[in-house]
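Descriptive structure summary
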Amino acid sequence: MEMRTLKILLVTTLLLTLSTPFIASGYETYLHEKLEEAFEAIYNAESMGGDIKGLVKSLNVAISLLERAEEIGNEELRREALILIENVISEAPKVGEEERISIQNLKIQAGIT
């Protein structure tokens, strides 16, 4: 299920990228780079066994905000989306690490008992 969600997000991001004019502003380019970074961060967290549902939900909200911002030309929505994207990027390693530590602790406990 999570991998399917990631694929859907990837397709959405690609569509957003393709729908952007070829001459994008520096800020739009930055947003797209941050989206790619967020996808990679989520992928890495999932690879570590982390529960990425919350991250995916946040990224979906950010993508929706970006789509809406593009439709109506609202910079405030773009800023809100960027904040969500940056939160995903910063939280993803913690999500993956928490699961790795949890698994490590379970292995230690199993070895003790």
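Reading guide: rules and limits
- Residues numbered from 1 in each chain as written.
- Predicted model: local features only at pLDDT ≥ 70, side-chain atom pairs only at ≥ 80, totals over all residues.
- Heavy atoms only, no water.
- Helix = DSSP H or I, 4+ residues; strand = E, 2+ residues; numbered from the N terminus.
- Buried < 20%, exposed > 50% of the residue type's maximum accessible area, 1.4 Å probe, protein only.
- Contact = heavy atoms within 4.5 Å.
- Core = buried A, V, L, I, M, F, W, Y, C linked by side-chain atoms within 4.5 Å.
- Expected span 1.5 Å × (residues − 1).
- Salt bridge = Lys/Arg side-chain N within 4 Å of Asp/Glu carboxyl O.

We now examine the overall build of the chain. Each helix and strand counted, the chain has four helices and zero strands in total. In the chain, the succession of α and β elements from N to C terminus is α-α-α-α. When the 113 residues of the chain are sorted by exposure, 31% land in the buried category. Restricting to contacts in the chain with at least 6 residues of sequence separation, those with at least 24 account for 71%.

For the rest of this paragraph, the subject is the side chain of Arg78. With respect to the helices and strands, Arg78 occurs in helix α4 (residues 75-112). For Arg78, a relative accessible area of 11% corresponds to the buried category. With residues up to four places along the chain from it excluded, the contact list for Arg78 reads Tyr27, Glu28, Leu31, Leu66, Ala69 and Glu70.

Before going further, it helps to spend a moment on the nonpolar core. When a protein is soluble and globular, its nonpolar side chains tend to lie buried together. The biggest cluster of nonpolar side chains holds 24 residues, and the ones touching the most others in it are Ile42, Leu55, Leu59 and Ile85. Mapped onto this core, the elements with two or more residues apiece are α2 (26-47), α3 (53-72) and α4. Here Leu55 is in contact with Ile42, Ala45, Val88, Glu91, Ala92 and Val95, once residues within four sequence places are set aside.

So, about α3. In this model, α3 (20 residues) spans 29 Å end to end at C-alpha, consistent with the 28 Å of a helix rising 1.5 Å per residue. All buried positions along α3 are accounted for by Leu55, Val56, Leu59, Ala62, Ile63, Leu65, Leu66 and Ala69. Positive backbone phi, at 70°, marks Gly73, one or two positions downstream of α3.

All told, the structure shown has five salt bridges when counted by the stated rule. Note that Lys34 is salt-bridged to Glu37, the shortest N-O span being 3.4 Å. One end of the pair is Lys34 and the other is Glu37, both in helix α2 and three residues apart, which spans about a single turn. Here Lys34 falls in the buried class, since its relative accessible area comes to 15%. Of the charged contacts in the structure, one is a salt bridge between Lys94 and Glu91, with a shortest N-O distance of 3.2 Å. Here Glu91 and Lys94 lie together in helix α4, a separation of three residues that amounts to about one turn. Note on Glu91: relative accessible area 35%, which makes it partly exposed.

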